[in-house]
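# Fold and contact review
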Amino acid sequence: MINIGIIGAGRIGRVHGESITKYVQDARVKAIADPFLNDQTKAWAKSMGIEECYTDYKKILSDASIEAVLICASTDQHSPLSIEALKAGKHVFCEKPIDHDVNKIKEVLDVVKESGKKYQVGFNRRFDHNFKAIHEAVAAGKIGKQQIIKITSRDPEPPSIDYVKTSGGIFLDMTIHDFDMVRFLSGSEVEEVYAEGSVTVDPKIGEAGDVDTAIITLRLSNGATAVIDNCRASCYGYDQRAEVFGDKGCISISNDTGSNAVFSGKDGVIAEKPMFFFLERYMQAYASEVEQFVDAIVNDKAVPVNANDGLQPVLIGLAAKKSMNEHRPVKLSEIRESYGL
């Protein structure tokens, strides 16, 4: 039984606390820490069987019985907390992104290597049953030579403007999952990016210096082309679809719904809308990713999503931002060279 400490008791911290408690058999959450801890959070922790609640995360790092730490704090704290936890001798699971600053990610990679500890990044969609099915089919050669990859990712409603201002922009906040999916589904690296963005949902997002709607085209090292479309608002729910097309066939996934019931009547055929948002859509994936993290610790295996997997989508996101701003395709080598990679 692995003892886990969670740093950050916001929405994603609670998701992990609940999923570990309910679904991960070989781990338990011993403590959770958040500087803004309140009575409501303490009551929730107690209901989950979490023994300790702290305002100071250092109490988790100094607890010798806690072997692994989940970092669920604000994005600007991901890299410094990762380094501190690794140096304290903890295995680390860090929510995406490791950082928006590539130099800070490089520091984390160095400490991971020095520490010898397990370090996993929280790209939860890799553990979703639908995306896994595509990945496995492609890896088995069922679609043959890859030609086109399509990913659609549209949120049901936009985030707050305060969040937008600190998010790093749509490419480093929202599309970063899709960049990871392109690598995961194709098993190939991105060589070049061309991005176009616009403001079609909320003009305040544009005033904050971001876009809310985007199309990104990516050229892969295996010769395939990937296309991602994003929007911050979808009136019919959380739209998550993907397709890989090759010379032997095509495999695609559609949205999960509450049920597969379809009503047929004289006025038309009606099916259920997609699940509303990521908490409903990916709850089991959150449990599965931590389950594999724990398995890597217990059986001394490689983690399924390592620190380099956390770096690559950030590099792609920076290339997308540069492409959109400069209205030109951007090679990943250009971004890598600028950071000495």
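Look up a bit, the structure's there.
Residues numbered from 1 in each chain as written. Predicted model: local features only at pLDDT ≥ 70, side-chain atom pairs only at ≥ 80, totals over all residues. Heavy atoms only, no water.

Cis geometry is found at the peptide bond from Lys-96 to Pro-97, where omega equals -15 degrees. In this structure, Pro-97 sits in the loop between strand S5 (91-95) and helix H5 (102-115). (Helix = DSSP H or I, 4+ residues; strand = E, 2+ residues; numbered from the N terminus.)

The topology assignment puts Asp-63 in the loop between helix H3 (58-61) and strand S4 (68-71). Take Asp-63: its relative accessible area is 16%, and that puts it in the buried class. For Asp-63 and Ala-224, which are 161 residues apart along the polypeptide, the C-alpha to C-alpha distance reads 48 Å. Looking at Asp-63, its side chain comes within polar contact range of the side chain of Lys-30, at 3.0 Å. (Buried < 20%, exposed > 50% of the residue type's maximum accessible area, 1.4 Å probe, protein only. Polar contact = N/O pair within 3.5 Å; in protein donor to acceptor, adjacent residues only side chain to side chain.)

This brings us to the pairing of strand S10 (residues 225-231). For S10, the buried fraction is high: 5 of the 7 residues fall into the buried class. Summarising the sheet, strand S9 (residues 213-220) and S10 pair through 7 bridges and their orientation is antiparallel. Note on S10: the bridge partner recorded for Thr-217 is Val-227. (Pairing = 2+ DSSP bridges.)

Now for the pattern of salt bridges. Applying the stated criterion to the full structure yields 23 salt bridges. Arg-183 is paired through a salt bridge with Glu-189; the nearest N and O atoms lie 2.8 Å apart. Note on Arg-183: relative accessible area 8%, which makes it buried. Judged by relative accessible area, Glu-189 falls into the partly exposed class, the value being 31%. For the salt bridge of Glu-326 with Arg-328, the shortest nitrogen-to-oxygen distance reads 2.7 Å. Judged by its relative accessible area of 27%, Arg-328 falls in the partly exposed class. (Salt bridge = Lys/Arg side-chain N within 4 Å of Asp/Glu carboxyl O.)

Judged by side-chain charge, Asp-101, Glu-107, Asp-110 and Glu-114 come together as a negatively charged surface patch. Relative to the assigned elements, Glu-114 resides in helix H5. Of the residues examined, Glu-114 reaches a relative accessible area of 67% and is grouped as exposed. (Patch = residues over 30% accessible without salt bridge, like charges linked within 9 Å, V, L, I, M, F, W, Y side chains within 5 Å. Areas by Shrake-Rupley, 256 points an atom, 1.4 Å probe, with all protein chains shown as cover. Lys, Arg positive; Asp, Glu negative; His and termini not counted. Charge placed at Lys NZ, Arg CZ, Asp CG, Glu CD.)

Time to look at the packing of aromatic side chains. Within the structure shown, the criterion is met by 2 aromatic pairs. Here the aromatic rings of Phe-93 and Phe-293 are separated by 5.7 Å at their centres, their planes lie at 65 degrees, and the arrangement is edge-to-face. On the criterion of sequence distance, the pair formed by Phe-93 in strand S5 and Phe-293 in helix H11 (residues 278-298) is long-range, its members being 200 residues apart. As far as burial versus exposure is concerned, Phe-93 and Phe-293 are alike and both buried. Plain terms: the ring middles of Tyr-238 and Tyr-282 are 6.1 Å apart, the flat faces sit at 85 degrees to each other, and that makes the pair edge-to-face. Remark: Tyr-282 occurs in helix H11 and Tyr-238 occurs in the loop between S10 and strand S11 (239-246); sequence separation between them is 44 residues. (Phe/Tyr/Trp six-rings, centres within 6.5 Å; stacked < 30°, edge-to-face > 60°.)

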